[in-house]
Amino acid sequence: MSTVLDVVAATAILLGALLAMTAAIGIVRFGDTLSRMHPATKPQVIGLVLVLAGCVIRLRGNVDIWMLVLVGLFTLVTAPVIAHTVGRVAYREQRGRDGLGVVGDLDREHEPPLG
């Protein structure tokens, strides 16, 4: 049983590392900020979660497992918020390709009044 769990852990770690590598390549290859947001969040976070899951399987019975779980949860909670914030800033500074945001839902004139 231990050998099977080690193989599952190694597979998860390798798949996670592969996803993180593809995310890094995507960040370098894509041209504008709005296009880079996707590889900066989705494959990188899933890759990190897979690496952490592989480490948890490999370190079964160790005290450090809870720290790995907390790192994974913190990443899952903060990555969408960061991507949303970066997207809004890039949109407001108009750092995207022309025609990418045809509908200006984030324009200040379309915001509802406060109060």
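Calculation criteria
- Residues numbered from 1 in each chain as written.
- Predicted model: local features only at pLDDT ≥ 70, side-chain atom pairs only at ≥ 80, totals over all residues.
- Heavy atoms only, no water.
- Helix = DSSP H or I, 4+ residues; strand = E, 2+ residues; numbered from the N terminus.
- Buried < 20%, exposed > 50% of the residue type's maximum accessible area, 1.4 Å probe, protein only.
- Contact = heavy atoms within 4.5 Å.
- Salt bridge = Lys/Arg side-chain N within 4 Å of Asp/Glu carboxyl O.
- Expected span 1.5 Å × (residues − 1).
- Bend = angle between axes of the 7 residues up to and from the residue.
- Axes fitted to C-alpha atoms, helices over the stretch in contact; angles between N-to-C directions.
- Parallel < 35°, antiparallel > 145°, perpendicular 65-115°, else oblique.
- Left-handed = near helix turned anticlockwise from the far one by under 90°.
- Nonpolar A, V, L, I, M, F, W, Y, C, P; charged D, E, K, R; others polar.

Caption draft 1: Just the side chain of Thr75, in detail. Mapped onto the elements of the fold, Thr75 is located in helix α3 (residues 65-92). Residue classification places Thr75 among the buried positions, given a relative accessible area of 17%. Those residues in contact with Thr75 that lie beyond four places of it in its chain are Val45, Leu48 and Pro80.

Caption draft 2: Seen up close, the pattern of salt bridges. According to the stated counting rule, one finds two salt bridges in the structure shown. Residues Arg58 and Asp6 are paired through a salt bridge, measuring 3.6 Å at the closest nitrogen-oxygen approach. Of this pair, Arg58 sits in helix α2 (residues 33-58) while Asp6 sits in helix α1 (residues 2-29); the two residues are 52 residues apart in sequence, bridging distant segments of the chain. Residue Arg60 pairs with Asp6 through a salt bridge whose shortest N-O separation is 3.8 Å. With Arg60 in the loop between α2 and α3 and Asp6 in helix α1, this pair connects stretches of sequence that are 54 residues apart.

Caption draft 3: Just α3, in detail. Given a rise of 1.5 Å per residue, 28 residues ought to cover 40 Å, and the 41 Å separating the end C-alpha atoms of α3 matches this to within 8%. Of all the bends found along α3, the most pronounced is centred on Thr78 and spans about 30°, while Pro80, a proline, follows it within four residues. The inward-facing, buried residues of α3 contact α2. Within two residues after α3, Gln94 carries a phi angle of roughly 55°, on the positive side.

Caption draft 4: Main features of the packing of α1 against α2. The interhelical angle for the contact between α1 and α2, taken along N-to-C directions, is 165°, at an axis separation of 7 Å. The orientation of α1 relative to α2 falls into the category roughly antiparallel. The two elements α1 and α2 meet at a crossing, and its hand is left-handed. Here the residues of the contact of α1 with α2 sort into 20 nonpolar, six polar and three charged.

Caption draft 5: Seen up close, α1. Taking 1.5 Å as the rise per residue, α1 with 28 residues should run 40 Å; its terminal C-alpha atoms sit 40 Å apart, in good agreement. Those residues of α1 hidden inside the fold are in contact with α2.

Caption draft 6: The packing of α2 against α3, seen in detail. Contact pair α2 / α3: the axes reach a minimum separation of 10 Å and the direction vectors enclose 175°. Here α3 runs roughly antiparallel to α2, going by the angle between their axes. Here Thr33, Leu34, Met37, Thr41, Val45, Leu48, Val49, Leu52, Cys55 and Val56 of α2 come into contact with α3, specifically with Ile65, Leu68, Val71, Gly72, Thr75, Leu76, Ala79, Ala83, Val86, Gly87 and Ala90. In terms of residue class, the contact of α2 with α3 is made up of 16 nonpolar, five polar and no charged.

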